[in-house]
Protein chains: 2
Amino acid sequence: MTDPRLTPLAAALPATVPFVGPETQERQRGASFRARLGANESVFGPSPRAIQAMADAAAEAWMYPDPESFDLRTALSRHLGVGMGNLVMGAGIDGLLGSLVRLTVAPGDAVVTSDGAYPTFNYHVAGYGGTLHKVPYRDDHEDPDALIARAHDTGAKLIYLSNPDNPMGSWHDADRIARMIEEVPQGCLLVLDEAYLECAPEGTAPPLDPEDTRVVRMRTFSKAYGLAGIRMGYAIGQPDLIAAFGRVRNHFGLSRVSQAGALAALRDQTYLAETVSRIAAARDRIARIGQQNGLTPLPSAANFVALDTGSGDRTRNLLNALTARGIFTRMPGVAPLDRCIRISCGSEDDLDLLADTLPKALTDF
Amino acid sequence: MTDPRLTPLAAALPATVPFVGPETQERQRGASFRARLGANESVFGPSPRAIQAMADAAAEAWMYPDPESFDLRTALSRHLGVGMGNLVMGAGIDGLLGSLVRLTVAPGDAVVTSDGAYPTFNYHVAGYGGTLHKVPYRDDHEDPDALIARAHDTGAKLIYLSNPDNPMGSWHDADRIARMIEEVPQGCLLVLDEAYLECAPEGTAPPLDPEDTRVVRMRTFSKAYGLAGIRMGYAIGQPDLIAAFGRVRNHFGLSRVSQAGALAALRDQTYLAETVSRIAAARDRIARIGQQNGLTPLPSAANFVALDTGSGDRTRNLLNALTARGIFTRMPGVAPLDRCIRISCGSEDDLDLLADTLPKALTDF
């Protein structure tokens, strides 16, 4: 029975989870995964300096975190060449998306995204009563023209676009994104999710314009920086918009240990560059392994590769077979994207295991 | 100018912060505090095992956290003698209060609290458009009868009560709270904030009733466990209510390192007991220092002591004088509670400094 004390909005929400975590799957199957290639984590780990900084900060964990994340924002501000007022930290991009949707989407407000794009964004839109409008991918890319057109048609408050894209790994160049920003309708905000940017070629991101009110950019320490476990993302935007997060966010919500880890990771750009090289090499190897098994790799600017199996049914069978054989992967939820299985970049050992397991898994169904 | 894309609710919210952090004050004054006695942190720190567990977990920070916090909830479930379905973790009690208010309070809904009680609860109620009704403290205690009566009068969705109380340190015994739970009106939920419970005498908390729909209890690792920095709190309630958090919470929002730290801290009940003894000794010493300086200590079941200065103006002057002399403290925001200054339990060095500084600070104004 629904609790009568819930708001009408909350009472109507499904008891859904955007993703089932690998630990949950491990508990269900009664065994650990042998390779964790499903969540686009960085198996290469964070900078050793970040690990050390977190270990050091653990001894200071009795103190509440700085709600301003001052040291981290100062370092990000210098790194990015934007002002402190252009930056707000959040509990991953997930947390920032929640705050942003809360700030801008009232029940019934229109929001536009791509069919098959990031489910957690959709979860937040549903959670605040927004009406989600989805446009199809075009040639496995999110389609800026279609997103803009639908935003015009629906009077959308938000457009979501990730560049590089998850789950396909495709990307647009900076000029294309800059043109899209020019076309954002009045009264609408482009949410540009750049979680995978560090893995992408130079020229993927348009320059940051700290006064541009049409776009908010979201980035994270979860991907190339290898710190998915500590929940540290940031939004870059025009100062008035960024300040609005302060009206709703959990000010003391970001762990002191996490802040220390992210700061040390940011300062070790050498390690980041090494990781990006390793990601690129792993992408190439995943593509080769796919090709050797008759699966077509899609070009990727992220830390994963989508391998085309030919059909959604075949992908689902393959994913289940890989799971049964101890390899955690994921796949897009909707057609036609679901003809691909999504393999996160792994270590050499992980990919040895993949090379060994994939041909066997393909004969399991 | 207010961004026209904000929802009407968000546009009407003030750009407020429930608390200004000590780091912000340090940046403003250009010097570190010599003693940090304002945020009811535990200067005694977490268990060394928790520090070690966090250092170990730092190396695994590349993995997303378990969104179910399964290991930690399992341990809490055994420790408390309740089911897994009775427990949900959050980013401190602050984060849980935000989710709970979101689930239950629609714009215009009535909520009841005490005038001078926890500001962050009020922040969340305002943030979701609730109408806050405040009843006065009675003899420096939150007043269950007045809270219940006001909830009846207003048709409140929530009643907030902390036991032990912050900022006064007062408490009710378990029988009084159990009676209050019996009196919660139909359609209303009692939010029983037990952040300071571990510091309180036996018999302060009524038994946990895992099927009671009238109350949700909130507890934390921030206080006696000494882990304010890692943001880990939990709610205990009837399973349907607890499950509802899953409709709105940031599932992957709780750091893997934090979960490991909290789990290790929970397992070290010996250290917790030692800390509680040290808190009790520090309370006694703060009371004596107050008395030696003509300030009347209030009895406290928390990890701080409220010292009565005689008036709100005198307290404000004293707080400013202590700040100027490098001691961070806080005070209640409203009369008549503001006749007290709130001093968190400190180390022996901290309290030596307090004993030395307080008489000087009292002559500064």
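- For chain A, an unreviewed UniProt entry supplies the name Histidinol-phosphate aminotransferase and the organism Palleronia abyssalis.
- The record held by UniProt for chain A lists under Sequence similarities (unreviewed entry) the comment "Belongs to the class-II pyridoxal-phosphate-dependent aminotransferase family. Histidinol-phosphate aminotransferase subfamily."
- Per UniProt, chain A carries the Pathway (unreviewed entry) text "Amino-acid biosynthesis."

Some points on the UniProt feature "domain: Aminotransferase class I/classII large" (unreviewed entry) in chain A
Part 1 of the reasoning: The UniProt record annotates "domain: Aminotransferase class I/classII large" (unreviewed entry) at residues 37–357 of chain A.
Part 2 of the reasoning: Helix makes up 40% of residues 37–357 of chain A and strand 15%. Its end C-alpha atoms lie 13 Å apart.

Re the relation of the copies chain B and chain A
Part 1 of the reasoning: Once chain B is rotated about the relating axis by 180 degrees and shifted along it by 0.0 Å, it coincides with chain A to within an RMSD of 0.0 Å. The transformation relating the two chain copies, once decomposed into turn and shift, fits a two-fold axis. The C-alpha atom lying nearest the rotation axis in chain B is that of B:A55; the distance is 2.1 Å.
Part 2 of the reasoning: A high fraction, 100%, of the interface residues of chain B reappear at the interface in chain A, so the copies pair face to face through one surface.

A look at the interface of chain B and chain A
Part 1 of the reasoning: At the interface, 81 residues of chain B touch 81 residues of chain A.
Part 2 of the reasoning: Summed over both partners, the interface of chain B with chain A buries about 6,400 Å², with 57% contributed by carbon and sulfur atoms.
Part 3 of the reasoning: Considering only the surface of chain B that becomes buried against chain A, B:R5, B:W62 and B:R247 emerge as the three largest contributors, covering 15% of it.
Part 4 of the reasoning: Along the contact surface separating chain B from chain A lie six salt bridges.
Part 5 of the reasoning: Linking chain B with chain A are 56 residue pairs in polar contact (both at pLDDT 80 or more).
Part 6 of the reasoning: Elements supplying a minimum of two residues to the side of chain B that touches chain A: α1 (8–12), α2 (22–29), α3 (48–58), α5 (92–104), α6 (119–127), α9 (239–245) and α10 (256–267) of chain B.
Part 7 of the reasoning: Here the side of chain B that touches chain A takes five residues from α5(B), the largest share from any one element.
Part 8 of the reasoning: Counted by class, the side of chain B that touches chain A contains 43 nonpolar, 20 polar and 18 charged residues.

Remarks on the pattern of salt bridges
Part 1 of the reasoning: Under the counting rule described, the total for this entry stands at 41 salt bridges over all chains.
Part 2 of the reasoning: A single salt-bridge network, built from bridges that share partners, covers A:E23, A:R36, A:E41 and B:R256.

Quick look at the nonpolar core
Part 1 of the reasoning: Within the largest apolar cluster, 116 residues are counted, with the highest numbers of intra-cluster contacts made by A:L76, A:F221, B:L76 and B:F221.
Part 2 of the reasoning: If you look at the next biggest cluster of nonpolar residues, it comprises 92 residues, including A:Y128, A:Y137, A:A306 and B:C340.

Points about the domain arrangement of chain A
All names here are of chain A.
Part 1 of the reasoning: Considered domain by domain, chain A is made up of domain 1 (17–45 + 270–362) and domain 2 (48–267).
Part 2 of the reasoning: The C-alpha centroid of domain 2 is placed 24 Å from the C-alpha centroid of domain 1.
Part 3 of the reasoning: On the domain 2 side, the residues contacting the 27 residues of domain 1 number 27 residues.
Part 4 of the reasoning: For the pair domain 1 and domain 2, the two sides together bury roughly 2,100 Å², of which 68% comes from carbon and sulfur.
Part 5 of the reasoning: When residues of domain 1 are sorted by the area they lose upon contact with domain 2, L272, A301 and L337 head the list and together hold 26% of the total.
Part 6 of the reasoning: Where domain 1 packs against domain 2, one counts one salt bridge.
Part 7 of the reasoning: For the interface between domain 1 and domain 2, the tally reads eight residue pairs in polar contact (both at pLDDT 80 or more).
Part 8 of the reasoning: Those elements that place two or more of their residues in the side of domain 1 that touches domain 2 are α11 (269–292), β10 (304–308) and β12 (340–344).
Part 9 of the reasoning: Considering only residue class, the side of domain 1 that touches domain 2 consists of 17 nonpolar, six polar and four charged.

A few points about helix α7 (residues 144–154) of chain B
What sets the pattern is the α-helix's 3.6 residues per turn: residues three or four places apart point alike.
Residue and element names in this part refer to chain B.
Part 1 of the reasoning: Looking at α7, one finds that the buried residues are P144, L147, I148 and A151. The arc that holds the buried residues of α7, viewed along the axis, is 95 degrees, so those residues lie on one side.
Part 2 of the reasoning: The backbone nitrogen of D145 has a side-chain oxygen 3.2 Å away, supplied by the residue at the start of α7, namely D143.

Let's talk about the side chain of B:Q259
Residues and elements named next belong to chain B.
Part 1 of the reasoning: In this structure, Q259 sits in helix α10.
Part 2 of the reasoning: Looking at Q259, its side chain comes within polar contact range of the main-chain oxygen of D66, at 3.2 Å.
Part 3 of the reasoning: Setting aside residues no more than four positions away along its own chain, Q259 makes contact with P65, D66, S69, L72, M232 and L254.

Let's talk about the packing of aromatic side chains
Part 1 of the reasoning: For the structure on display, the rule yields 14 aromatic pairs over all chains.
Part 2 of the reasoning: Taking the centre distance of 6.1 Å and the plane angle of 80 degrees together, the rings of B:Y64 and B:F252 count as edge-to-face. Remark: B:F252 occurs in the loop between α9 and α10 and B:Y64 occurs in the loop between α3 and α4 (70–80); sequence separation between them is 188 residues. Taken as a pair, B:Y64 and B:F252 share a single burial class, namely buried.
Part 3 of the reasoning: Ring geometry for B:Y196 and B:F304: centres 5.4 Å apart, planes at 80 degrees, overall edge-to-face. You can see B:Y196 sitting in the loop between β6 (189–193) and β7 (215–220) and its partner B:F304 sitting in strand β10 (residues 304–308), a full 108 residues away along the chain. Per residue, the accessibility class of B:Y196 equals that of B:F304, and both read buried.
Part 4 of the reasoning: Taken together, the ring pairs connect A:F221, A:Y225 and A:Y234 into an aromatic cluster.

Scoring rules and cut-offs
- Residues numbered from 1 in each chain as written.
- Chains lettered and ligands numbered in written order.
- Predicted model: local features only at pLDDT ≥ 70, side-chain atom pairs only at ≥ 80, totals over all residues.
- Heavy atoms only, no water.
- UniProt positions renumbered as here; feature names shortened; annotations may be inferred.
- Helix = DSSP H or I, 4+ residues; strand = E, 2+ residues; numbered from the N terminus.
- Least-squares fit on C-alpha atoms with pLDDT ≥ 70 in both.
- Contact = heavy atoms within 4.5 Å.
- Buried area = accessible area lost by both parts, 1.4 Å probe.
- Salt bridge = Lys/Arg side-chain N within 4 Å of Asp/Glu carboxyl O.
- Polar contact = N/O pair within 3.5 Å; in protein donor to acceptor, adjacent residues only side chain to side chain.
- Nonpolar A, V, L, I, M, F, W, Y, C, P; charged D, E, K, R; others polar.
- Core = buried A, V, L, I, M, F, W, Y, C linked by side-chain atoms within 4.5 Å.
- Buried < 20%, exposed > 50% of the residue type's maximum accessible area, 1.4 Å probe, protein only.
- Domains from an automatic or database assignment.
- Arc of directions from axis to C-beta.
- Phe/Tyr/Trp six-rings, centres within 6.5 Å; stacked < 30°, edge-to-face > 60°.

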